[in-house]
Structures are given as structure tokens and as C-alpha cells.
Amino acid sequence: MDPKFTEVSQIFQLFKAAFVRKDFDTCIKLLSQLKVMLTEFKSLPPLFEEMPNAIQERTLARDIYEHAVFLSVKIEDQDALERDFFQLKPYYTDTYGLQPSSQEHPILGLNLLRLLVQNRIAEFHTELELLPSSALENPCIKHAIELEQSFMEGAYNRVLSARQTVPHEIYVYFMDLLAKTVRDEIAGCSEKAYDSLSINDARQMLLFSSDLDLVKYIEEEHPEWEIRKGFVFFQRAKESAPCKEIPSLQLINQTLSYARELERIV
Amino acid sequence: MAAATMVSSAGGLLAMLNETHPALKLHALSNLNAFVDYFWPEISTSVPIIESLYEDEEFDQRPLAALLVSKVFYYLGELNDSLSYALGAGHLFDVSEDSDYVHTLLAKAIDEYASLNTKAAEAHNESATVDPRLEAIVERMLDKCIVDGKYQQAIGMAIECRRLDKLEEAITRSDNAHATISYCIDISHSFVNRREYRREVLQLLVKVYQQLPSPDYLSICQRLMFLDEPDGVASILEKLLRSENKEDALLAFQIAFDLVENEHQAFLLSVRNGLPSPKSQPSEPVHSGSPEPGSVQSGNTTTTEDVQMTNGSQVDGNAPSPDPREAIYAERITKIRGILSGENSIQLTLQFLYSHNKSDLLVLKTIKQSVEMRNSVCHSATIYTNAIMHAGTTVDTFLRENLDWLSRATNWAKFSATAGLGVIHRGHLKQGRSLMAPYLPQGGAGGGGSPYSEGGALYALGLIHANHGEGIKQFLRDSLRSTNVEVIQHGACLGLGLASLGTADNDVFDDIKNVLYTDSAVAGEAAGISMGLLMVGTASEKAGEMLAYAHETQHEKIIRGLALGIALTVYGREEEADTLIEQMTRDQDPILRYGGMYALALAYQGTGNNKAIRQLLHFAVSDVSDDVRRTAVLALGFVLYADPEQTPRIVSLLSESYNPHVRYGAALAVGISCAGTGLSEAISLLEPLTSDVVDFVRQGALIAMAMVMIQISEASDSRVGAFRRQLEKIILDKHEDTMSKMGAILASGILDAGGRNVTIKLLSKTKHDKITAVVGLAVFSQFWYWYPLIYFISLSFSPTAFIGLNYDLKVPSFEFLSHAKPSLFEYPKPTTVPTATSTAKLPTAVLSTSARAKARASKKELEKANAPKTSGAEPSPAVTSPGKGKSSDKDGDSMQVDIPAEKKAEPEPSFEILTNPARVVPAQEKYIKFLEESRYVPVKSAQSGFVLLKDLRPNEPEVLSLTDAPSSAASNPGGSATGQQSSAAAMAVDEEPAPPQPFEFTP
């Protein structure tokens, strides 16, 4: 057995132990160590050199990255999640001869959810297209798809209620985030739709349980809104809609130059 | 396999870039760099991250990041960004890598470097702005090219980038320095646009040349000529002349002939003066038969002065012990001075044109008969045509036969009729003055002549002595000063300008200026042109003076003359002329703008400069004055003549313009730049214009067509025949407009110019512009305003001859091969007597002579059986009857009819034996071969022009051809040749073809 491989395996054992202990600081440290060591394996993407124990190495690497993904959810680091997911992805898409991982679909679903939360709908659909049709049946992925559909329809209550039916416990973090995304959407729409709303209506609209939460939200996210006499006024946000001026001088010049050119045609 | 080993996305690697650990970043970068060719679209979204890595001072692999970014930008097509990052990549950017990326970026780098350097050089601040990293890349590339033996690339790059040091290195390290240098010369002429820089390159080349173990003196001298360094040429010539080896002397002569071909009078003059005289004069100066006696007779040329001076020193009585080496040198130097003065070439050309004259008098007769008597335009056009047809041949039979008809010319027509004699006798330096004597102003004594013929005669003298006017200048000046008749002044000014072309003689200039300041329209116009001729290419500040006067005067004619004159002064000066051109083209006066067009044309003649073309096209479509537009289009012809294939393409749209002036200009532009090429596109472009709805467009198109088709035989392009028939039809058509008729008449003259032995050539064989020819055509194109200027076209004629010369500068008889069907290049068949329109007296003429001709022809047949159509045999009947009377002339005429007809019966051979000197048309040159067992071998490989021959069997007696007729007449006056002449002609005995009898056409 390759000494390097053994070393990586050992460190990974330590990492797993720490992960179970929820000692995330140690995890982060060990993970970074692991990643650097992984770069030295030639059998891994993107080089894919064929070696006798390539399958083992790739399986181990995949395992490490899967854990990395979960770790980043646990520490609630979306950037790290994205990074780790992309590094993991080649192991799902490109590596032949590797046993499919049990974690594959939850992680793919997680990624879809992340995109939904970050409101990156285009990328969401791109990812979706890349999935084989069989995968769409998987509850984890199906969940994400349904969420997206409700989200697009504007059935926000359905989105929020879906929190109760998560297929994987790791999704909970994102479901919370999703609620916020939904709220932002609603806020954006109401801003356009209404001049003002009573605080009561606004609270219902934005799905807050108390007026206090609403006021806090407005202060944090939309300081330009105004709360007066029990109403929320949106007007100030609407001010910027300058009517476009016709660039008359430019047009005149252009027309004149066309005329000149026409005259010149021999 | 390859598919299996590929990832489908670079997303993982890109994600890795965001990792905090540097080792991971590095891993990602190096892998991305390996896969960038496939994943650049993905990577391009992450470029900002990589860029930030590159800018991160602490990151130790910054060059790698730079390389990656550079590659991505390359794929995105952002070459500028790509290059700047590639520079950041430093040594990681591998110039020897064989990939599209590297190739593209190298090209970009070199372009960038070249443009920076050029800009720096043009702004005259020594670079310093150039990025050293860029320079390093370019140098790496240059070195690599040199090491790999790709010298041409290296040279091209070095010239582009203005790295003369590298250029030198490339040339000296190449295995075949001569080939490399000639390549270098080619590109420096065709691609280096800035005159200054071209000079630098050429200077370097000369330097390199001289360091070579076996220098190619011919090329060196050509370069030195371009650089205008007569001293260098003179010292090389001296070295060659002093050599023991006879071949070196031959080479020196060859150089001299080549220099003369470029027609740079001022330069030749200084070379001649730069040649050191022999230390002591041998007791017997030169044996008879050398050109010496001729030059003594010729009057006050410098050669003669020099000989007289040295003769004088001999008389001093130092009793010089004739050092044999000095004697040889002295003999040689006399010869070379003769050559440099242009006398040898002019004399030989004259003899060639005279003996090979094949002009068809029947064409002229047809024209004469079909032209209406009272139509003075066509009448004088016929006179012009006669002159052009016989330019340089000294054959004035037509005029003699038609004295009565000629006498209808009055006033200015008389002026041009007289001047036409000058064209016919062009180059007849020795006899010129006596020929014209009857018409010249008689200093007060017998001043009975008409001022028109007197003026014309002065103009004629100028034409005879064009660009070789040392001998006649004084006389013309005197004539100019002693008259105040404006017609005579007009002629004298033109003559003087022609004779002292480009000499920038201040005294002459002052004389002409005095005429200008009399503010007489007729004389002033000529004075303006004349000043330009005098100052050709000097870019002197006199132009400012002329411009000021042009603003002052009221006469349009004077302004026009001056405008052209100013344009002439900037001849070939390229950028130096820009201020003047700017000044002229922005003037209020359309005539000055019109001059500005000429200035553009002449300053950038033959350079194909894009800026000039753009400017001309701009004026061609946007100026308000038709004259300016016409000239702007016409000027394109001058700018583009070095690359005739381009012109038809560039003016093709203009030739379809709604404006007839623009169409006319387009026709002439094609005519000028494609002259003598017979270019198919040019003919196709001109063809529709010859049947244009506007008469003057037809005129221009016909003339242009004739210029393009000059010396093209019907066998090589069938359209030539069709064009000849078209011309005839137009001339015979009674209802045709006068303008186009005149065009047709002139066109038939140009088509058969110079006895069908000349072509219009603006470039010499060494690609040097022929200043006289270009100037001639430029002034010729002015005939729109002033018909007598038509004669200037004769300046652009150059004989299409192969003239081999031996050491004594004689023409030995030897044969060589033209490896092509004779019919391809033969003379056009003489017109047969028109049957329908012929009058009664023509058939009788044929009948009376054809019997005799047949008898003669059968006599000749024996001689000709061996060498069919040897040109040596044919001139003999012509030689025996110089200044022939009516009957003998017709005799010769009908012979020409018969001989080709007889030959037709035989199957056409695939080759032809030519005898020195022979007519070799430009298209034929590539077929010329020298026979292997030939006695003579040329010193340089040349297919036409003057070629010095090395005699491999010097002991055998030489057989001289062609020249012996005139020269024997000189050595043996009153001999058999002259004996046959009429008594009037016998008086004027000379080695030249006898001068024609004086005749007066004014009753």
C-alpha cells in the first residue's frame, strides 16, 4: 500500500472523528491538510492517470470532498460549500469505474437548493439539465425541483411549509435561508406594486409573525422605506425613473453625415 | 482514451483557486494552464480571480497566472490584453512553442514593437518608451530566426522593427549574402514607406555590401545612386577602371550604362566630375573608332572640355613617359565619361530606332485622307501622331511628302508642327541644331520667320536634348533673352526646361523668372512649367516663390503652369512634400488644388503610399471642381505605377462614375500606370470607356488604351487587333466627334510609337523610377489644356532593344535565342491598302513597286533561308537609302508587306534567333537565352537594354553590325552609303543618319 495513501487515510480518520465530535475547527485544519495532500495524487481529476490503486484513491478523495461539503454546511459557509461542491463534482460526472456514492443525490440536491437560495435560477436550471432523468425521481432532487416550481409560481406559503418535509436533515439550514429569499422577493414585489401598506398588511404579506420582526427587517434590509402613521411607504424607492432624453444633436449629426456620404457616392 | 482522461468541466479547478492554501492555488493554476485550450470559456468567467493572483505581490507563481490569463484573453480575441499579460509571464512565454497562441502573440508583439519603434523614430525622440519586456521577446524571436536559418523572416522583422543592428547580423550570417541582400533591397523598396528610413536601410546595405569578399558592384552602385552619393560611385568606378582585368572595365561600363538608364542627370554629372583624371595623358589619346571623335564634335559637353584640358597639359611639354597603366586608364575613363554623359546610349538608341524603324506610313496616309481639311484639331492631331510614330527615328518622310498639306498649319499649329521635328529627331544631339536651323530665330539678321515656327523650333531643340542639354542650354538661354515675342518665349522656356531638366541651375531659373514676371499669359504658362522642370525633385524653397506669384497673377494659364511647376519640384520627395501639398490642396483656387493633385502624384510617384491614395480618392469624390477631381483620379496612376495590377482594381468604381471627368481621369490613370503592360484587367476596364457617351472620355480612353497596348502584338492579345480596327473606324467615320477623333488619331500614333520599337516605361530595370519618363507623362497629361504638351509623351518612350556592346563600345554581331514563337512578339502587320476607300493613285503605287519588291525579295530569300527574319539583314535596304526619295521609300514599304506574307507559308518555329542589336519587347525578355557556344557572354544577366559583352575569343576578328553603316560614313565621308544620297543631303556628312533636307512649309 502506498505510504501516502495510508497517511491520507489516517488523517481522514482523524477528520471523521472530529466531525462526529462536531469539533469543526480541527476539521477545517485537517481538511485543508488533506486537500493539499490530494493534489499529489496523479490519478485524481483532472489528470486521471491510470494507476493500480486509482479506484481506491479516487474513492477516498470523493469521500473526503463529500465530507468537506457537509462540513461547510455545518459551519454555514456558502462559499466553501460551492468550492467543495465543484471540486467534488468531477468525481460524480467524469469518473468511470467508481461505485456510485450514496451521498451523491443528497449533495446534488443540496447544491440545487443552494442555487435556489442564492436566487441563481439560471444556474439552477443548467445544473438540472445536466442531471440524468433517473436522478430526477430521487426524493432529494425532487424536493428541490418542487421548491423551485412553487417559488416561481409565487406560492410562497408552499415553499415555507416544505420546511417540514425535508428529505435530509442537512437541508434544514437552507430551508431557513430560503424563507429569507422568499421574503426578499415579496418585498421587491410590494415595493413596485404599492405606494403604501398598512403595517398589518405588510406583516402578513411579508410573512412575519410580529410587527417587531417587520420593523427590524425594514431597518436592516430596506432603510429607504418609511414607517408613518401605521403605514409603510415605499415611494422613495420609486423616484428613480428618469424619462430618457432623445439624443437629438447626435441624431442630427448622423443624418447630415449620411446625406453627405450619399452625395459623395460616385 | 483521450475522452476518458478528460474532465468535463474546469469548475473543480476553478473552485480550487479560491482555496486559501497557496499550494492548492498553484495546483489549480498549473492544471488550468494545461487544460486552457479546452476550458477557456469556463475559465474566462474566472479571469478576475486569476488576475488578482497575478497582482498579488506575495504569490510566488505570478508569471504562471499571467500566462494563463494571457491564453484566455487570446482565446477571447483580446490580443492587446493577451499580449500585456504574456509580457508579464516572462520566460514562461516560450517563443519556440509551436502553437497558434504563441504564433499569434508573437506576430502581435512584433507588430506592437514595430509600431512603437516607428512612432518613436518619427517623433525623433529616441525610443525609451518601449517596454523592455516586449523588446526582449522580439529579440528572442529574431535570434531564433537567425539561428534557425530563416533569414528572410529575420530581415523582414528587423526592417519592420527598425532594428538595423539585427538586420546587419542577419545578412552577414546568412549563407548566401547576395541573395539575402537583394531580397532586402526588394522589400525595402516595396514595404518601407518612409523615405528617410529607406535611406538608412540602404546605407546599411551598402556598408554590408562593401564588407563582402566579392562585392556586387552593380547593385552597390544602384543603391548609391538611390542614396545620391556620387562620390561612392565614382570611387568604385575608378577602382574598376584601374584594374588590370579587362572584365572589371567591362563591368564599370555596364554600371555606367545602368546608371544612365535611370536618367538622373544631376547625379550622372557629379559622378562624371568625381572621376579623377588620369595622371598623365598617353601620347596617343585614343585610337579612332572610340566614341571620342563623336564627343569632340558634339560641342561643349563636359567630356570634350575635359579632353581638351588634358590635351593642353600634354602640350605643356612635360614629355610624359606614357605609363601603360595610366594609358589604359585614360582610355577607359574617356569611354566611361562618354557613357555617363548619356551620349553612347542616346547615339546607339538613335541608330537602333533608325535602322529598325517599322512605322507604317499607310496608317498616317489613311488618317490624313480621312481628316477634313478645315478641321484644324484633327489636322494638328495628325501632325502630332506623325511625330509620335517616328519619335527618335529621324524619319520625316511623311512631312516631306506632304509639304503642301502641312502648310495648312497656321499659328499654334505651326508651332507644334515645327516642334514635332524635335520629337522625330529626339536624341539627335549632334545634328539637332543644324536640323532646326532654318526655323530658329535668326539673331536679328534674317528675322523673316514666323514667331510660331521659331518658338516651335526652340521647343523642338529642348525635346531633342531633353535631359542632356549641356550643349544647347546656352543657345536656348540666349534665344530666350533676346526675344520679347511671347510665342518665342513660350517655346524657349519649354525648351530650356527640357534641356536642363532637374539641374536646378540658378542662372537659368532667373532667366525664366524674368519671363514669368512679364505676366504674359502664354509665356508665363510655359515659364511655370519650365521652372518646375528645371527644379524637378529638388524641393527647393523656390516653390514658395512660385506659389506666391500664382496667387498674385490674374492669368489662369500662368497659375496652371505654376501649379504644375510647383508639383514638379517635389518630385519623389514623399513626406517632405506634405506641407506644400497641404497648402496647395487647401487653396481657394481650384487650379492650385489641381496642382496639389499633381504634387501628390509626383511626390509619391510609384510608392503606392496608402496615405496618398486615400487623399487622392478623397479629392476624387469630394472636390467641387471637375478639374481637380479629374486630376485626382489621374494622379492615382502615377502613385500606383510600380504596381500596375492594382490600378484597375482601385479605379474600377471611379470608371463607372456619373461624372465624365472622373471617368476620363480613371481611363488615363490606368493608361499611365499600366502603360506598356498589356494588362488584361486594364484593357477590360478601358474597353467600355472607348465607347462612352461623352466625347472626351472616349478620347482619354482611346489614348490610355493605346498606352496600355503599346507593343503588344495581336497574337498575345486579340483585343489589340480589335482596337486597331476600332481606331480606324473612328478615324474614317465622318460623324464622329472631333474630340474622340483626335483621341483616335493620337492613339494610333502612340500604339505605333517610335517606329514600333519603343514602349512607355516609368521604371528602369533596376526598379528605379525614370525621372524623365515620369515627368514627361505628367506634363503630357496636361494636353487637356494645351495641345503642344502632347510632345512630352516622347520623354517616356524607351526603346525595347537588346544592344550588346563589346569593350570598344561597338555593337558586335552575335546571335541569341528568343525561346518563344516569333509571332508572339513580332511587329504588327503593316496595314494593307484599303480597297474600298482608296483613291485612284494608291493602287498604282503598289502596282509599280510590287514587281520590283518581289524580285528583291526573292534575291534575299537565299540569305534569309538560314536565319529567318534576322533583323540584321532587314535594315540593310534601309541603311543604303537614308534620306530616301519618294520612290525608294515606297520600295521599302512594299517590301515590308511582302516578306511576312511569304513566311506565313512555313510552319511557325517555336523559337527565333535574334541578332544583336535586336528588338526585345518587355514581355519577351523572359524568353531570351544566350547560345552556349556563343562567342560573347554578357557581364551581367540582362535581357534587354545595353549589355556589355565579354569576348571569349578576343583574337578572332570581330564583325560589327548596325553601327558600321553610320560610322563608316564618318570615317569614310562620301563613301558608297552617302553617295546615293541626293545632292542636298550629301553636304551634311556625318556619322549619323544624314540630316533631312531642310524644307519650309510656310509659303
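Here goes a summary of the coordinates provided. The numbers attached to residues start from 1 for each chain and follow its sequence in the written order. Key to labels: chains lettered from A, ligands numbered from 1, both in the order written. Reporting in this predicted model follows two pLDDT cut-offs: at least 70 for local features of residues, and 80 or more for side-chain atom pairs to be given and counted; totals over whole chains, interfaces and linings ignore these cut-offs and use all residues. Based on all heavy atoms of the structure, the side-chain values leave hydrogens and waters out of the count.

### Focus: the overall build of chain B
- For helices the rule is a DSSP run of H or I covering at least 4 residues; for strands it is a run of E covering at least 2, with both sets numbered from the N terminus onward. Of the regular secondary structure elements, chain B holds 51 helices and nine strands.
- Residue burial in chain B is summarised as follows: out of 1003 residues, 59% are buried.
- Pairs at least 24 apart in sequence give 75% of the contacts found in chain B among residues at least 6 apart. For every residue, the accessible area (1.4 Å probe, protein chains only) is compared with the maximum for its type, and the residue is labelled buried under 20%, exposed over 50%, or partly exposed between those bounds. The contact criterion used throughout is that any non-hydrogen atoms of two residues lie within 4.5 Å.

### Topic: the interface of chain A and chain B
- Opposite the 19 residues of chain A that make contact, chain B presents 26 residues.
- The buried area of a pairing is the accessible area, by a 1.4 Å probe, that goes missing from both parts when the two are put together, added over both. A combined buried area of about 1,900 Å² lies between chain A and chain B, and 67% of that area is made up of carbon and sulfur atoms.
- Here, a salt bridge means any Lys or Arg side-chain nitrogen found within 4 Å of an Asp or Glu carboxyl oxygen. Taken together, the connections running from chain A to chain B amount to zero salt bridges.
- N or O atoms within 3.5 Å of each other form a polar contact, as long as, within protein, one can give a hydrogen and the other can take it, and as long as residues adjacent in sequence are counted only when both atoms are side-chain atoms. The tally of links from chain A across to chain B stands at zero residue pairs in polar contact (both at pLDDT 80 or more).
- When contributions to the side of chain A that touches chain B are tallied by element, the ones reaching two or more residues are α2 (24-38) and α4 (78-93) of chain A.
- Of the residues forming the side of chain A that touches chain B, the biggest block, six residues, is contributed by α4 of chain A.

### Examining the nonpolar core
- To define a nonpolar core, start from buried Ala, Val, Leu, Ile, Met, Phe, Trp, Tyr and Cys residues and group those joined through side-chain atoms within 4.5 Å. If you look at the biggest cluster of nonpolar residues, it comprises 368 residues, and the most contacted ones within it are F93, L167, Y459, V651, I750, F780 and F792 of chain B.
- Tallying contributions element by element places helix α40 (residues 695-709) of chain B first for this core, with 11 residues.
- Two domains each provide a minimum of three residues to this core, namely domain 1 (3-197) and domain 2 (198-266) of chain A.
- Of all hydrophobic cores here, the second largest spans 10 residues; its members include F802, F814, F816 and V947 of chain B. Residue ranges for the domains originate in an automatic or database domain assignment.

### Focus: the pairing of strand β9 (residues 945-951) of chain B
Residues and elements named next belong to chain B.
- Of all seven residues in β9, five are buried, a share of seventy percent or more.
- Pairs of strands are assigned from DSSP output, requiring at least two bridges between the strands. One ladder, built from four bridges, connects strand β3 (residues 801-805) with β9; its direction is parallel. When the bridges of β9 are listed, F802 appears paired with G945.

### Side note on unusual backbone geometry
Residues and elements named next belong to chain B.
- A positive phi is found at N411, a non-glycine position, where the angle reads about 50 degrees.
- Note on placement: N411 falls in helix α24 (residues 411-424).
- Under the relative-accessibility criterion, N411 is labelled partly exposed at 44%.
- The backbone of D519 shows a phi angle near 55 degrees, a positive value even though the residue is not glycine.
- Checked against the element boundaries, D519 lands in the loop between α29 (506-516) and α30 (521-534).

### Some words on the pattern of salt bridges
- Throughout the structure, instances matching the rule amount to 36 salt bridges over all chains.
- In this structure, the salt-bridge partner of E127 of chain A is K89 of chain A, at a minimum N-O distance of 3.5 Å. Note that E127 of chain A is positioned in helix α6 (residues 121-130) and K89 of chain A in helix α4, a separation of 38 residues in sequence. K89 of chain A shares its class with E127 of chain A; the two are buried.
- The residue R242 of chain B makes a salt bridge to E238 of chain B at a minimum N-O spacing of 3.0 Å. Residue R242 of chain B and its partner E238 of chain B are both found in helix α13 (residues 230-242); the two are separated by four residues, about one turn of the helix.

### Let's talk about the sheet that holds strand β8 (residues 936-938) of chain B
Residues and elements named next belong to chain B.
- Overall, mixed pairing links the four strands, which are arranged β6-β3-β9-β8 in an open sheet. Only two strands of the sheet have a single partner each, and these edge strands are β6 (918-919) and β8.
- Summarising the sheet, β8 and β9 pair through three bridges and their orientation is antiparallel. Counterpart to P938 in the pairing with β9 is L949.
- Here, axes are lines fitted to C-alpha atoms. For helices the fit covers the stretch in contact, and angles between N-to-C directions go from 0 to 180 degrees. Contacts from helix α19 (residues 343-355) reach β3, β6 and β9, with the element oriented near 125 degrees to β3.

### Here's the deal with the sheet that holds strand β2 (residues 226-228) of chain A
All names here are of chain A.
- With antiparallel pairing, the three strands of this open sheet are ordered in space as β1-β3-β2. Among the strands making up the open sheet, the edge pair consists of β1 (196-198) and β2. Neighbour-to-neighbour, the strand axes of the sheet open up by a mean angle of 25 degrees, direction not taken into account.
- Both β1 and strand β3 (residues 231-233) contribute to a ladder of three bridges, which runs antiparallel. Within the sheet, the bridge partner assigned to S196 lies in β3 and is F233.

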